[in-house]
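Summary of the model geometry
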Amino acid sequence: MAGAALRDQLSALLSSMFSQGLVDEQFEQLQMLQDEGGTPGFVAEVVTLFCDDAERIIAEIATLLEQPIVSFDKVDAFVHQLKGSSASVGAQKVKFTCMQFRQFCQEKSRDGCLMALAVVRNEFYDLRNKFQTMLQLEQQIQAYDHKQQ
């Protein structure tokens, strides 16, 4: 596939991520930092770290919610951490879902927390899949550009 077509595909993907509310202006700031700083791979590194961290946090939350007696304070601390990570990369839907999740923690509602966990998981997996596609396209563009030199 030609470089221009790959760039168009990447641009369309990013546009859809913004229009769907998956990412916000904070993600745009990360991209600008990469472009202005001339640091190729910066966004990829940040996104990869976020995805790895979020996966771990979601697993921790799930484990805590499976306990006979739920420590809602611990669950809330992990949800707060996930919200912060999400905000730092511009993962808007995950961040908003975490805000709702924290409400269930404060209410000490196991059912509410389990429902919120399912929503957070879905939002995160949807975003992670888009991020993975984005990273693959960026790699293909870099490989194409390298071949052209």
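With an unreviewed UniProt entry as reference, the protein chain is termed Histidine-containing phosphotransfer protein, source organism Zizania palustris.

Side note on the pattern of salt bridges
Opposite charge on two side chains lets them pair, provided their charged atoms get close. Applying the stated criterion to the full structure yields 5 salt bridges. Its salt-bridge partner being Arg56, residue Asp53 comes within 2.6 Å of it at the nearest N-O pair. On the criterion of helical spacing, the pair formed by Asp53 and Arg56 is a turn pair, its members being 3 residues apart in helix 3 (residues 42-66). Assessed through its relative accessible area of 22%, Asp53 is described here as partly exposed. For Arg56, a relative accessible area of 37% puts it in the partly exposed group. The partner of Arg128 in a salt bridge is Glu55, with the nearest N and O atoms 2.6 Å apart. Of this pair, Arg128 sits in helix 6 (residues 110-148) while Glu55 is found in helix 3, placing the two residues 73 residues apart along the sequence. For Glu55, a relative accessible area of 32% corresponds to the partly exposed category.

A closer look at the environment of Arg56
With 90 residues separating them along the chain, Arg56 and His146 place their C-alpha atoms 35 Å apart. With sequence-adjacent residues up to four places away left out, Arg56 is seen in contact with Phe78 and Gln81.

Focus: the UniProt feature "domain: HPt" (unreviewed entry) in the protein chain
The UniProt record marks residues 39-144 with the feature "domain: HPt" (unreviewed entry), using the residue numbering of this structure. Taken end to end, residues 39-144 is 88% helix and 0% strand, and its two terminal C-alpha atoms sit 18 Å from one another.

Overview of the UniProt feature "modified residue: Phosphohistidine" (unreviewed entry) in the protein chain
Those residues carrying the UniProt feature "modified residue: Phosphohistidine" (unreviewed entry) are His80 in this numbering. Position of His80 among the secondary structure elements: in helix 4 (residues 72-89). We classify His80 as partly exposed; its relative accessible area is 42%.

Digging into the packing of helix 3 against helix 4
Orientation of helix 3 relative to helix 4, taken along the N-to-C sense of each, is 165°, at an axis distance of 10 Å. It follows that helix 3 is roughly antiparallel to helix 4 by the angle criterion. When the axes of helix 3 and helix 4 are compared, the crossing they make is left-handed. Residues Val46, Phe50, Asp53, Ala54, Arg56, Ile57, Ile58, Glu60, Ile61, Leu64 and Leu65 of helix 3 form the contact with helix 4, whose participating residues are Lys74, Val75, Phe78, Val79, Gln81, Leu82, Ser85, Ser86 and Val89. Here the residues of the contact of helix 3 with helix 4 are counted per class, giving 13 nonpolar, 3 polar and 4 charged.

Concerning helix 5 (residues 92-106)
With 15 residues, helix 5 should cover 21 Å at 1.5 Å per step; its first-to-last C-alpha distance of 22 Å lies within 8% of that length. For helix 5, the complete set of buried residues consists of Gln92, Val94, Lys95, Thr97, Cys98, Phe101, Arg102 and Cys105. Contact partners of the buried residues in helix 5: helix 3, helix 4 and helix 6. Just beyond helix 5, the residue with positive phi is Lys108, at close to 55°.

Comments concerning helix 3
One turn of the α-helix equals 3.6 residues, which is why residues spaced by three or four share an orientation. The end-to-end C-alpha distance of helix 3 is 36 Å, a good match for the 36 Å that 25 residues give at a rise of 1.5 Å each. Residues of helix 3 that are buried sit in contact with helix 2 (25-37), helix 4, helix 5 and helix 6.

What counts and what doesn't
- Residues numbered from 1 in each chain as written.
- Predicted model: local features only at pLDDT ≥ 70, side-chain atom pairs only at ≥ 80, totals over all residues.
- Heavy atoms only, no water.
- Salt bridge = Lys/Arg side-chain N within 4 Å of Asp/Glu carboxyl O.
- Helix = DSSP H or I, 4+ residues; strand = E, 2+ residues; numbered from the N terminus.
- Buried < 20%, exposed > 50% of the residue type's maximum accessible area, 1.4 Å probe, protein only.
- Contact = heavy atoms within 4.5 Å.
- UniProt positions renumbered as here; feature names shortened; annotations may be inferred.
- Axes fitted to C-alpha atoms, helices over the stretch in contact; angles between N-to-C directions.
- Parallel < 35°, antiparallel > 145°, perpendicular 65-115°, else oblique.
- Left-handed = near helix turned anticlockwise from the far one by under 90°.
- Nonpolar A, V, L, I, M, F, W, Y, C, P; charged D, E, K, R; others polar.
- Expected span 1.5 Å × (residues − 1).

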